[in-house]
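# Understanding the architecture of this molecule
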Amino acid sequence: MFLIESSSTVLDYSSIAALSAVIETQGFQSAADKLFITQSAVSQRIKSLENYYGEPVLIRSLPYQPTKLGLMLIGHYKRVTILEDSLQETISLQNHVPTISIAISRDSLETWFVDVIKKLKILPFIQLEIIADDQELTLEYLQKGLVSACASTTEKQISGCECMFMGYFNYVFVSSPDFKKKYFSKNKSNEDNLINAPGVIFDNNDKLHNDYLKHYFNINNSNIKYHTVPSVKGFRLFAENGYACALIPELDILSELAQKKLVKIFPDKPWKMPMYWHHWSIENIIHHKFNELVCRIGRKLLHQK
């Protein structure tokens, strides 16, 4: 058992690793498989943490969530792991492959982040784990210690982390020319047109279309028809084929706009989404190079005003 002792605290890293594995895999048996121990050992290690601190570290109902104490322990454990990676780099362990875990939206992943991957020269020497989720939710993965970095729309500071503003990820409200002609009659108000025009969303967590209508037109109507299409390419296809109007990252449809396959319905009303890159303050060489590359490319491709 790996223990660090001081005059007031003893940290049991094997037990914290068990807690982290349960949160990451969402199961006691899967955590046991990951750590090559028994399910009983996982339970005992987590129980030992709770006995030591005198309070729960895990909410035992699906989906498993760490308590406030559990979150602090997992966050510390992730930082220690990064420090260990840095030490292993220093002593040149040939068989060690560091892992970089990030959370990012599907839109970012398939647009500006593609350039990061193209220029990621360290990729052959690392394992890259990408969690794709809504940009409003990615910061939660960092808070829970499940990733070491994330792209988020909020500048909220997380303890032990740094936050850099990269720019604005601009979305434009588009459709096919025929769709615009059919649903956006000049004889009707914008409110009537928008309520009648079907839209498209990724999933139930995707509130962007609603937020856009509320912000620019003060529309808050639950009767709007939406197609649910959990695919960046699917968004483009639904818009191009005249099935729906959609908010799509401008970076993703530059050629479609130039070829008039898609047209902006409200050219003067882009949705400017601020993008921030959050990462642990403690960085080894690999993490530092990765975070530096992400921010440099993000600032180059995203709008700065």
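Above this text sits the structure in question.
Below you will find a few notes about this structure. (Residues numbered from 1 in each chain as written. Predicted model: local features only at pLDDT ≥ 70, side-chain atom pairs only at ≥ 80, totals over all residues. Heavy atoms only, no water.)

Time to look at a positive patch on the surface. Together, Lys118, Lys119, Arg296 and Lys300 make up a region of like positive charge exposed at the surface. Relative to the elements of secondary structure, Lys118 occurs in helix H6 (residues 112–118). (Patch = residues over 30% accessible without salt bridge, like charges linked within 9 Å, V, L, I, M, F, W, Y side chains within 5 Å. Areas by Shrake-Rupley, 256 points an atom, 1.4 Å probe, with all protein chains shown as cover. Salt bridge = Lys/Arg side-chain N within 4 Å of Asp/Glu carboxyl O. Lys, Arg positive; Asp, Glu negative; His and termini not counted. Charge placed at Lys NZ, Arg CZ, Asp CG, Glu CD. Helix = DSSP H or I, 4+ residues; strand = E, 2+ residues; numbered from the N terminus.)

Of all the positions in helix H2 (residues 28–35), only Phe28, Ala31 and Ala32 are classed as buried. In a view along the axis of H2, the buried residues occupy a sector of 100 degrees, so they form one face of it. In the core, the buried residues of H2 are packed alongside helix H1 (13–25), helix H3 (39–53) and strand E3 (58–59). (Buried < 20%, exposed > 50% of the residue type's maximum accessible area, 1.4 Å probe, protein only. Arc of directions from axis to C-beta. Contact = heavy atoms within 4.5 Å.)

Any two side chains of opposite charge can pair if their charged atoms end up close together. Applying the stated criterion across every chain, the model contains five salt bridges. For Glu250, the salt bridge identified is with Lys264, shortest N-O distance 3.0 Å. With Glu250 in the loop between strand E11 (246–249) and helix H12 (254–258) and Lys264 in strand E12 (residues 263–264), the pair connects residues that are 14 residues apart, well separated along the chain. Looking at Glu250, the relative accessible area reads 17%, which means it is buried. In this structure, the salt-bridge partner of Asp268 is Lys269, at a minimum N-O distance of 3.5 Å.

Structurally, the position occupied by Ser43 is in helix H3. The partly exposed category is assigned to Ser43, whose relative accessible area is 31%. When the C-alpha positions of Ser43 and Trp112 are compared, they lie 42 Å apart, and in sequence the two are 69 residues distant.

On to the packing of H1 against H3, then. Interaxial distance between H1 and H3 falls to 8 Å at its minimum, and their mutual angle equals 115 degrees. Considering their axes alone, H1 and H3 lie roughly perpendicular with respect to each other. The two elements H1 and H3 cross, and the hand of that crossing is left-handed. In this structure, H1 contributes Ser14, Ser15, Ile16, Ala18, Leu19 and Val22 to the contact, and H3 contributes Val42, Arg45, Ile46, Ser48 and Leu49. Of the residues that constitute the contact of H1 with H3, the class distribution is seven nonpolar, three polar and one charged. (Axes fitted to C-alpha atoms, helices over the stretch in contact; angles between N-to-C directions. Parallel < 35°, antiparallel > 145°, perpendicular 65-115°, else oblique. Left-handed = near helix turned anticlockwise from the far one by under 90°. Nonpolar A, V, L, I, M, F, W, Y, C, P; charged D, E, K, R; others polar.)

Nonpolar side chains collect at one region of the surface, where Ile117, Leu123 and Ile130 lie side by side and expose about 200 Å² of accessible area between them. Looking at the secondary structure, you find Leu123 in the loop between H6 and strand E6 (127–132). Since its relative accessible area comes to 31%, Leu123 is described here as partly exposed.

Pro63 follows Leu62 through a cis peptide bond whose omega is -5 degrees. On the secondary structure map, Pro63 appears in the loop between E3 and strand E4 (65–66). At Gln26, a residue that is not glycine, the phi angle is positive and equals roughly 60 degrees. Positionally, Gln26 belongs in the loop between H1 and H2. Taking the relative accessible area as the measure of exposure, Gln26 reaches 30% and is therefore partly exposed. Positive phi is not limited to glycine here, since Asn218 has a value of about 55 degrees. Note on placement: Asn218 falls in the loop between helix H10 (208–217) and strand E10 (226–228).

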